[in-house]
Amino acid sequence: MDRLRQRADFLAVANGARVNSPAFVLQSRRRDDGGPIRIGFTATKKNGNAPERNRIRRRLRELVKRLDPVSMQPHHDYVLVGRRDALSRDFATMLDDLRIAFAKPARHTPKGPAKAAPRDKPQTGLMTRE
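An account of the accompanying structure is given in this report. In this text, all values refer to a predicted model and were calculated from it rather than measured experimentally.

## Comments concerning the pairing of strand β3 (residues 24-30)
- Burial analysis of β3 places five of its seven residues in the buried class, the great majority of the element.
- Across four bridges, strand β2 (residues 17-20) lies against β3 in antiparallel orientation. Counted as the bridge partner of Val19 is Leu26 from β3.
- Counted between consecutive antiparallel strands, the loop separating β2 from β3 contains three residues.

Here it is as structure tokens:
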């Protein structure tokens, strides 16, 4: 299992499928090459200061180390986005959440502007005031 390190890889996975959990979000993307499973870890600044974000990432790395790699799909990239609850959530519970996240069919939510619903065309002609 390899690590994701480049920003372009993280952005590619961010457009893929996702599974939400109280302590993290698991993002995944299938690759067309025959390479190994790659995984990346991130925590945004809204989760706290640098030591807290580092602790979140360390806990996520430890979760993946303790997880059986067979539960991950081959030829996939994964990103674990840490949430603030990762600091206080019980480690065993987080490990169960991660197992469930890998087993659950991922929900694909494409990023980008949402398509607006079609609007009714205004009527032409005389308008009456009621």
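## Regarding helix α3 (residues 91-103)
- The end-to-end C-alpha distance of α3 is 19 Å, a good match for the 18 Å that 13 residues give at a rise of 1.5 Å each.
- Regarding α3, the residues found buried are Phe91, Met94, Leu95, Asp97, Leu98, Ala101 and Phe102. What you see down the axis of α3 is that its buried residues fit within an arc of 160°, all on one side.
- Looking at the buried positions of α3, the neighbouring elements they touch are β2, β3, α2 (50-66) and β5 (76-82).

## Points about the nonpolar core
- Ranked by size, the top nonpolar core spans 23 residues in total, and within it Leu60, Leu80 and Leu98 carry the most contacts.
- Discounting chain neighbours no more than four positions away, the residues touching Leu60 are Phe24, Phe41, Thr42, Leu80, Val81, Gly82 and Met94.
- Of all hydrophobic cores here, the second largest spans six residues; its members include Leu4, Val13, Val79 and Val81.

Parameters and conventions
Residues numbered from 1 in each chain as written. Predicted model: local features only at pLDDT ≥ 70, side-chain atom pairs only at ≥ 80, totals over all residues. Heavy atoms only, no water. Buried < 20%, exposed > 50% of the residue type's maximum accessible area, 1.4 Å probe, protein only. Helix = DSSP H or I, 4+ residues; strand = E, 2+ residues; numbered from the N terminus. Pairing = 2+ DSSP bridges. Expected span 1.5 Å × (residues − 1). Arc of directions from axis to C-beta. Contact = heavy atoms within 4.5 Å. Core = buried A, V, L, I, M, F, W, Y, C linked by side-chain atoms within 4.5 Å.

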